[in-house]
Amino acid sequence: MFEKHLTNPFLTSRLSDDKFSKLTQGHIETAKLLNTNGSPYAALFADNLTSTQTIFKSYNDSLSGKALNKAQREGKTIVVYTGIQSIKKFISSKEGVIKDKFPKGSPVYEELYPKGIGEYSKANVENMARLLKRFIDALTAHQGEIDKSILDQAQAYYDSFTQTRQAQLSKKGEVKDGSTASETLRKQLSVQLFKNMLLLLLIYVDNPEKVKDYFDEAFIKKSSPHVDAGSNNVQSAVAPAK
């Protein structure tokens, strides 16, 4: 009979981060108005509420940081893919110039376009830098025979692309770290909310239905699957049956 009350509904919640934040904020604001009527658990609840507020602030800050990092990552990703398109157009535009001097099948042409222009047009973010570096190495090997401006332009594209690609990868790492930090803080906050719920049950031991006033039950209902009465019923945990 006790099993359904032993699961922390906040840890198992499927709420999005934003809705979980709203649930917590609503609980904090409502709990600030709690009249404990001299309950022996009043001081303990006040301490727990203070801890909840502290963790909640850190959690919200982590969400803001994660959102900013994600936006910056998306911006850097756009720069990377724009760079790829520019490189493809550059190499394609120089193919005609090189072919005029070194026809297809000639050693120099084959060094620059070993699999034809199609290899470059199909390049992606994973192999673009490698293919461009190979192109540069071939140009360098024949710089006495090919206009040096082509090598200079290719090198400039390569330097720019490798820098923007590294910036993109670094930002991906920051997003991942931010997500991990948010998940850790959410777990801590879930435990804190559960403590508050248990203390409220002790404070309102003669009228446990009052505990529902301190949590937006609709959020928890939406975030949890329907279960039979004999299982870990989230609604029962937040609002014990009469």
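Because the structure is predicted, anything quoted here is derived from the model rather than measured.

Parameters and conventions
What you see as residue numbers is a count from 1 along each chain, following the sequence as written. Residues qualify for local features only when their pLDDT is at least 70, as the model is predicted, and side-chain atom pairs are given and counted only at 80 or more; totals for whole chains, interfaces and linings, by contrast, use all residues. Calculation of side-chain values draws on the structure's entire complement of heavy atoms; hydrogens and water are dropped beforehand. Helix and strand definitions follow DSSP, with helices as H or I runs of at least four residues and strands as E runs of at least two, each counted in order from the N terminus. The contact rule is simple, with two residues in contact once any of their heavy atoms fall within 4.5 Å. Here, the term nonpolar core denotes a set of buried Ala, Val, Leu, Ile, Met, Phe, Trp, Tyr and Cys residues that are joined through side-chain atoms within 4.5 Å. Relative accessibility decides the category of a residue: with a 1.4 Å probe and only protein chains considered, values under 20% of the type maximum give buried, values over 50% give exposed, and everything between is partly exposed. Between the first and last residue of a helix there are one fewer steps than residues, each counted as 1.5 Å, and that sum is the expected span. Bend at a residue means the angle formed by two fitted axes: the first through the 7 residues ending at that position, the second through the 7 residues beginning there. Salt bridge criterion: a side-chain nitrogen from Lys or Arg within 4 Å of a carboxyl oxygen from Asp or Glu. Each pair of aromatic rings taken from Phe, Tyr and Trp, with Trp reduced to its six-membered ring, is defined by centres within 6.5 Å and is described as stacked if the planes are under 30 degrees apart, edge-to-face if over 60, and tilted in the remaining cases. Both a distance and an angle decide whether a charge sits over a ring: NZ of Lys or CZ of Arg must be within 6 Å of the ring centre and within 35 degrees of the ring normal. Think of each axis as a best-fit line through the C-alpha atoms, taken over the contacting stretch in the case of a helix, with angles from 0 to 180 degrees between the N-to-C directions. Each helix crossing is assigned a hand: it is left-handed if the near helix lies turned anticlockwise from the far helix by less than a right angle, otherwise right-handed if that turn is clockwise. Note on terminology: angles under 35 degrees are roughly parallel, angles over 145 are roughly antiparallel, angles of 65 to 115 are roughly perpendicular, and the others are oblique. The score called pLDDT rates the predictor's confidence residue by residue, from a low of 0 to a high of 100. The patch calculation keeps residues exceeding 30% relative accessible area without a salt bridge and links them within 9 Å when they carry like charges or within 5 Å when they are nonpolar (Val, Leu, Ile, Met, Phe, Trp, Tyr). The Shrake-Rupley method, run with a 1.4 Å probe, gives the accessible areas here. Residue values count only the displayed protein chains as cover.

**Student:** So what's going on with the environment of Tyr158? Residues and values would help.
**Tutor:** For Tyr158, the position within the fold is in helix α6 (residues 148-203). Between the alpha carbons of Tyr158 and Ile136 there is a distance of 8.6 Å; along the sequence they are 22 residues apart. In contact with Tyr158, not counting residues within four places along its chain, are Ala129, Leu132, Lys133 and Ile136.

**Student:** Hey, could you go over the nonpolar core for me, with residue numbers and the actual values?
**Tutor:** Membership of the largest hydrophobic core comes to 27 residues, with the highest contact counts inside it found for Ile91, Leu112, Tyr113, Leu132, Phe135 and Leu139. Counting only elements with at least two residues in this core, the list comes to α2 (42-101), α3 (107-112), α5 (128-141) and α6. No other element matches α5, which puts seven residues into this core. Residues contacting Leu132, with those up to four places away along its chain left out, are Ile87, Ile91, Ala154, Tyr157 and Tyr158. In this structure, Phe20, Leu23, Leu63 and Ile203 belong to the second largest nonpolar core, which totals 25 residues.

**Student:** Kindly report on α2, identifying the contributing residues and their values.
**Tutor:** An α-helix turns once per 3.6 residues; consequently, residues spaced three or four apart project the same way. Taking 1.5 Å per residue as the helical rise, α2 with its 60 residues ought to reach 88 Å, and the 88 Å between its terminal C-alpha atoms agrees with that figure. At Glu95, α2 shows its maximal bend, which comes to roughly 30 degrees.

**Student:** Residue-level account of the pattern of salt bridges, with values.
**Tutor:** It is possible for side chains bearing opposite charge to pair when their charged atoms get close. One pass over the structure, following the stated rule, counts 11 salt bridges. With a shortest N-O distance of 2.8 Å, Arg134 and Glu119 are connected by a salt bridge. One end of the pair, Arg134, is in helix α5; the other, Glu119, is in helix α4 (residues 117-121), with 15 residues separating them in the sequence. Overall, Arg134 belongs to the partly exposed group, its relative accessible area being 25%.

**Student:** Lay out the environment of Asp177 with the relevant residues and their values.
**Tutor:** Checked against the element boundaries, Asp177 lands in helix α6. Through-space distance from the C-alpha of Asp177 to that of Lys66 is 8.7 Å; in sequence the pair is 111 residues apart.

**Student:** Describe the packing of aromatic side chains, listing the residues and the values that go with them.
**Tutor:** A full pass over the atoms with the stated rule returns eight aromatic pairs. Pairing Tyr113 with Phe135 gives two aromatic rings, centres 5.8 Å apart and planes at 65 degrees, and the pair type is edge-to-face. Placement of Tyr113 in the loop between α3 and α4 and of Phe135 in helix α5 is noted, with a sequence separation of 22 residues between them. Judged on exposure class, the residue Tyr113 and its partner Phe135 are both buried. By the ring-pair criterion, three or more aromatic residues cluster together here, those being Tyr109, Tyr113, Tyr120 and Phe135. Across from the ring centre of Phe20, 4.2 Å away, lies the NZ or CZ of Arg186, which sits over that ring.

**Student:** I'd like to hear about the packing of helix α1 (residues 17-31) against α6, residue by residue, with values.
**Tutor:** One can describe the packing of α1 onto α6 by two numbers: an axis separation of 12 Å at closest approach and a directional angle of 35 degrees. When the axes of α1 and α6 are compared, the crossing they make is left-handed. Contacts from Asp17, Phe20, Thr24 and His27 of α1 reach α6 at Arg186, Leu189, Ser190, Leu193, Asn196 and Leu200.

**Student:** Run through the packing of α2 against α5, naming residues and quoting values.
**Tutor:** Running from N to C, α2 and α5 point in directions that differ by 30 degrees, and their axes come no closer than 11 Å. Judged by the inter-axis angle, α2 sits roughly parallel to α5. Read as a crossing pair, α2 and α5 show a hand that is left-handed. Mapping the contact onto sequence places Ile84, Ile87, Lys88, Phe90, Ile91 and Ile98 in α2 and Met128, Leu132 and Phe135 in α5.

**Student:** Would you mind going over the confidence of the model for the chain in detail, with residue names and values included?
**Tutor:** Looking at the chain as a whole, its pLDDT mean stands at 85, while 88% of the residues score no less than 70. Mean pLDDT values for the elements of the chain range from 38 in helix α8 (residues 234-238) up to 96 in α5. Here residues 223-242 is modelled with pLDDT under 50, and outside its nearest four sequence neighbours on either side it reaches 38 contacts, counting other chains as well.

**Student:** Before we move on, could you go through a nonpolar patch on the surface and cite the residues and values that matter?
**Tutor:** Together, Tyr41, Leu44 and Leu202 line one region of the surface with nonpolar side chains, adding up to about 250 Å² of accessible area. Here Leu202 lies in helix α6. A relative accessible area of 40% places Leu202 in the partly exposed class.

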